[in-house]
Amino acid sequence: MHTEPGGPGLELSGDGGLLLLPGNGRVKRGWVWNQFFVVEEYTGTEPLYVGKIHSDSDEGDGSIKYTISGEGAGTIFLIDELTGDIHATERLDREQKTFYTLRAQARDRQTDQLLEPESEFVIKVQDVNDSEPRFLGGPYIGSVAELSPVGTSVMQVMASDADDPTYGSSARLVYSVLEGEQHFTVDSQTGVIQTAVANLDRETQDRYEVVIRATDMAGQLGGLSGSTTVTIVITDVNDNPPRFPQKMYQFSIAETAPVGALVGRVKAEDSDVGENTDMTYQVKDEGGLGAFRVTTDSHSQEALLSLQKLLDFEAQPVHTLVVEALNKFADPRFADLGTFRDQAIVRVTVLDVDEPPEFQPPRGPMEVPEDALVGSVVGTVTALDPDAPDSPIRYAIDQSSDLEHIFDIDPERGTIVTGKLLDRETAGWHNITVLAMEADNPGKVSRLSLQIRILDVNDNPPELATPYEAAVCEDAKPGELIHTISVVDRDEPQNGHHFYFTLAPEALGSRHFSLLDITDNTAAVRTQRPGFNRQEQDLFLLPILVVDSAPPALSSTGTLTIRVCGCDSSGAIQSCNATAYALSASLSPGALIALLVCVLILVVLVLLILTLKRHQKGHLASEEDEDMRDNVIKYNDEGGGEQDTEAYDMSALRSLYDFGKAKGGGGEGPLPSLPSELRPLPQWGQAPDLDFSLFRDYISRKVGLADEDPSVPPYDSFQTYAFEGADSPLTSFSSITSRSTGSEQDFAYLSSWGPRFRQLAALYAGRRGEEDPAES
């Protein structure tokens, strides 16, 4: 089988072989295959002939039927079953699909059997230049610094073409500039945009719109083209110096303006943008006064002119200074363009203001002795009107600073005098506020804080620092130190304190103690004779005279209380006649606290023991009552279950027929003795014709059910043995309700069973007492 191509330029290729067909033996197979090509974008009215397939076994008699399958078979591609001609019925587009894979079959028309194996072939869509170049990365925005040299790269643009790049020149592109070629060029192969001039100035034009065109077919005639617009932003460089719009500025400010007050704003203009407009300002010429300072507003780049010193209209009514502006970030590449700074003259006029009087402050605090009489002069303050030095001034004291009116002031002269007697020990300093105001305009007021120091005068005698008390041992030796005393003096002499100590005249003849004046303003009291006797005298009052050294010398007498106490061998005081003194000397606060804590613990322990005993008694009483109540209700209880085999004789319960034997006639022997403190249960007669099989069967069933039931507790239930069965010929099994007069049982022994059977014994004893009178 072979193909006949339907277009020029097709290369024939194929292979031969042998094909075994049923009933025909060995025949030669001959598929000669071609690659079919079909041109895209066919616009004819008839189906486009693609090619032909043919089998070597085809003799032209129409016995072979040709079919195709695969991509587009039956829709896009149709085959003539007799001739094998293939036609394309639709318009193909290579940019959507470049080739189609199909399979060819040759079948016997009568039997529909394959004459040759199915083979695969390809129909390729041949490209034509039907797609124009497109710029897919737009919009394009680039930037380049102003004043850049020629050939500076700005950016690269690239276009794409959907045509086949491997077939012809349909996808070979070249670039060119349609608009903006005066300032920019583009590399025809790479699409890199470059500057064409060196004088790009951002201040003149800060952006350009450049149109770039891409043409396929390598730019040949008939090629398709596409274009895009590229926005190129010119970035700023610091190529413009700052410039003041005017060369002189004038401001005015009142002379009373405080330091830091804003005088005005000036700004130098800069055509650059961004950080290239950042600038600093400085005051170049001010006459050396330094009254103004300039700072830069970081947001507006303005110069802020403010006061650095207070102004005085009377001293200088006009100030002239030079303010200079310069760029903060200068570019050395443009140094040849000139200096990047500018200057302007600023004229500041000081406005005259009616100012309040100005004090001439004193050199230091005023001083006055504390013994000064009322009306004594303390000092004088002076204030002048800076606008009119000869205008009269009036003075006053701010009453809020001198609530007690200790001082007065002469309203015209400013002389301060005392208004009350002073006392340095009460207040050593006084802070008052003096007011000065113009006589013609009292609203203009100035204030002066004045300190007045009260000088000390020796008007207070020295006194003992505390009411001293001392103790001396009975066996004290002569010269033994008893106590050291000190004094206080409210006065403060300029040369410091110095005190003199001596015994008062009434104690100069004392034979017991001596006083030694120490140079550090203290005195030592010592024993003068050996031994003291508490029985004779246990308390001594020693008067001490203290004199200061300031003129005039003042003195006072203080008393030292000395107690005679008993001491141990080491000299520690053991006891004195005074109880409080002995207690304080022998028992410390810590020991007292420890003693109280011990007592408190003992009380708590006693209360706890009493509470526990009361609780135990109540518990025992309630338990005894409960046991008695249980004995009455459950006197027939079997005990603690199967594990408890010591409380009762279980054989008596297991063998009901033994009761008759235990009663008397026919028994083999007496009942076995019960454990200690237990007695035989009450017994009754048994009729010889009673049948206990009903009870034995019932108990057996109950035991079996209990053994099989896991929820039953491990002890027998009393209801098992309370079953009475059918009507009993006996009145009752209970001995309590039995009224048999023939019973010879004596229940007196129940009282010896203990407290648990006390109530039962009382019931039986009472019942027995009722029966005896009845019998009699």
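Residues numbered from 1 in each chain as written. Predicted model: local features only at pLDDT ≥ 70, side-chain atom pairs only at ≥ 80, totals over all residues. Heavy atoms only, no water.

> Tell me what's going on with the state of the cysteines, and back it up with residues and numbers.
Applying the stated rule across the entire model yields 2 disulfides. Through a disulfide, cysteine 473 is tied to cysteine 567; the S-S separation comes to 2.0 Å. Given an S-S torsion of about -90 degrees, the disulfide between cysteine 473 and cysteine 567 has left-handed geometry. With cysteine 473 in strand β35 (residues 469–473) and cysteine 567 in strand β41 (residues 555–567), the pair connects residues that are 94 residues apart, well separated along the chain. (Disulfide = S-S within 2.5 Å. Helix = DSSP H or I, 4+ residues; strand = E, 2+ residues; numbered from the N terminus.)

> Which residues make up the sheet that holds strand β27 (residues 377–380), and what values go with them?
The 3 strands lie next to each other as β27-β31-β30, forming an open sheet whose pairing is antiparallel. Bordering the open sheet on either side are β27 and β30 (407–409), each of which pairs with just one other strand. Direction aside, the axes of adjacent strands within the sheet are offset by 25 degrees on average. Strand direction decides the pairing type here: β30 and strand β31 (residues 415–418), joined by 3 bridges, are antiparallel. (Pairing = 2+ DSSP bridges. Axes fitted to C-alpha atoms, helices over the stretch in contact; angles between N-to-C directions.)

> Break down a nonpolar patch on the surface for me, with residues and values.
Residues Leu595, Val599, Val603, Val606, Leu607 and Leu610 make up a contiguous nonpolar surface patch of about 550 Å² in total accessible area. In this structure, valine 606 sits in helix α2 (residues 589–633). (Patch = residues over 30% accessible without salt bridge, like charges linked within 9 Å, V, L, I, M, F, W, Y side chains within 5 Å. Areas by Shrake-Rupley, 256 points an atom, 1.4 Å probe, with all protein chains shown as cover. Salt bridge = Lys/Arg side-chain N within 4 Å of Asp/Glu carboxyl O.)

> How would you explain the environment of aspartate 538 if you had to name every residue and give the values?
Mapped onto the elements of the fold, aspartate 538 is located in the loop between β39 (522–527) and β40 (539–548). Residue aspartate 538 is classed as partly exposed on the basis of its relative accessible area, which comes to 29%. Counting along the chain gives 66 residues from aspartate 538 to valine 472, while the straight-line C-alpha distance between them is 9.6 Å. (Buried < 20%, exposed > 50% of the residue type's maximum accessible area, 1.4 Å probe, protein only.)

> Give me the environment of tyrosine 468: which residues, what numbers.
With respect to the secondary-structure elements, tyrosine 468 resides in the loop between β34 (463–464) and β35. Between the alpha carbons of tyrosine 468 and threonine 561 there is a distance of 6.5 Å; along the sequence they are 93 residues apart. The residues touching tyrosine 468, leaving out its near neighbours within four places in the chain, are His483, Thr484, Ile485, Ser486, Thr559, Leu560 and Thr561. Here the side chain of tyrosine 468 touches serine 486 through a polar contact of 3.1 Å, side chain to side chain. (Contact = heavy atoms within 4.5 Å. Polar contact = N/O pair within 3.5 Å; in protein donor to acceptor, adjacent residues only side chain to side chain.)

> Please set out the sheet that holds strand β19 (residues 262–266) residue by residue, giving values where relevant.
Sheet architecture is open: 3 strands sit in the order β19-β22-β21, paired in antiparallel fashion. In this open sheet, the two strands that pair with only one neighbour each are β19 and β21 (292–296). In this sheet, adjacent strand axes meet at a mean angle of 25 degrees when their direction is disregarded.

> Explain the pattern of salt bridges residue by residue, including any values.
Scanning the entire structure with this criterion turns up 20 salt bridges. One salt bridge connects arginine 94 with glutamate 95, and the closest N-O pair in it is separated by 3.6 Å. Residue glutamate 324 is joined to arginine 341 by a salt bridge in which the shortest nitrogen-to-oxygen separation is 3.3 Å. Taken as a pair, glutamate 324 in strand β23 (residues 318–327) and arginine 341 in strand β24 (residues 341–351) lie far apart in primary sequence, 17 residues in all. A residue is classified by how much of its surface remains accessible, and arginine 341, at 38% relative accessible area, is partly exposed. Taken together, the salt bridges that share partners define one network made up of Arg424, Glu425, Asp456 and Glu492.

> So what's going on with the nonpolar core? Residues and values would help.
In terms of nonpolar packing, the biggest core is built from 25 residues, with Phe244, Tyr281 and Phe292 touching the most fellow members. Residue contributions to this core peak at 4 residues, all from β24. Other than its neighbours up to four places away in sequence, phenylalanine 244 contacts Tyr249, Val266, Lys267, Ala268, Tyr281, Val323, Ala325, Asp342, Gln343 and Ala344. Ranked by size, the runner-up nonpolar core spans 24 residues in total, among them Leu464, Ala476, Ile482 and Ile485. (Core = buried A, V, L, I, M, F, W, Y, C linked by side-chain atoms within 4.5 Å.)

> Explain the packing of aromatic side chains to me, and be specific about the residues and the numbers.
Inspection of every chain in the model, using the stated rule, returns 10 aromatic pairs. Measuring from ring centre to ring centre gives 5.5 Å for phenylalanine 36 and phenylalanine 121, while their planes differ by 80 degrees; the resulting arrangement is edge-to-face. Residue phenylalanine 36 is located in strand β4 (residues 36–39), and its partner phenylalanine 121 is located in strand β10 (residues 119–126); the two are separated by 85 residues in the primary sequence. We classify phenylalanine 36 as buried; its relative accessible area is 0%. Overall, phenylalanine 121 belongs to the buried group, its relative accessible area being 3%. Considering the side-chain rings of phenylalanine 77 and tyrosine 100, the 5.3 Å spacing of their centres and the 75 degrees angle between planes classify their relative orientation as edge-to-face. Residue phenylalanine 77 is found in strand β7 (residues 77–79), and its partner tyrosine 100 is found in strand β9 (residues 99–108); the two are separated by 23 residues along the sequence. With relative accessibility at 9%, the residue tyrosine 100 sits in the buried group. Within the aromatic cluster, the residues linked to one another by ring pairs are Phe135, Tyr140 and Tyr175. Over the ring of tyrosine 100 we find lysine 97, and its NZ or CZ is 5.4 Å from the ring centre. Looking at arginine 529, its charged tip hangs above the ring of phenylalanine 532, at a distance of 5.2 Å from the centre. (Phe/Tyr/Trp six-rings, centres within 6.5 Å; stacked < 30°, edge-to-face > 60°. Lys NZ or Arg CZ within 6 Å of the ring centre and 35° of its normal.)

> I'd like to hear about the side chain of aspartate 58, residue by residue, with values.
Within the element layout of this structure, aspartate 58 appears in the loop between β5 (48–54) and β6 (64–70). At 6.9 Å, lysine 52 is the nearest oppositely charged side chain to aspartate 58, a buried residue that forms no salt bridge. Within the structure, the side chain of aspartate 58 is placed 2.9 Å from the backbone nitrogen of glycine 60, a separation counted as a polar contact. (Lys, Arg positive; Asp, Glu negative; His and termini not counted.)

> Which residues make up the environment of threonine 166, and what values do they have?
Summarising the element assignment, threonine 166 is placed in the loop between β12 (153–156) and β13 (174–179). Residues threonine 166 and aspartate 127 lie 39 residues apart in sequence; the distance between their C-alpha atoms is 9.7 Å.

> Break down unusual backbone geometry for me, citing the residues and quoting the values.
Following glycine 138, the chain continues into proline 139 via a peptide bond in cis, with omega recorded as -5 degrees. In this chain, proline 551 is followed by proline 552 through a cis amide linkage whose omega measures -10 degrees. With respect to the helices and strands, the residue proline 552 is situated in the loop between β40 and β41. Positioned with a positive phi, aspartate 112 is a non-glycine residue whose angle comes to about 60 degrees. Following the sequence through the fold, aspartate 112 ends up in the loop between β9 and β10. Accessibility expressed as a relative area gives 40% for aspartate 112, which makes it partly exposed. At histidine 405, a position not held by glycine, the phi torsion is positive, near 55 degrees. As for its position among the elements, histidine 405 is in the loop between β29 (393–397) and β30.

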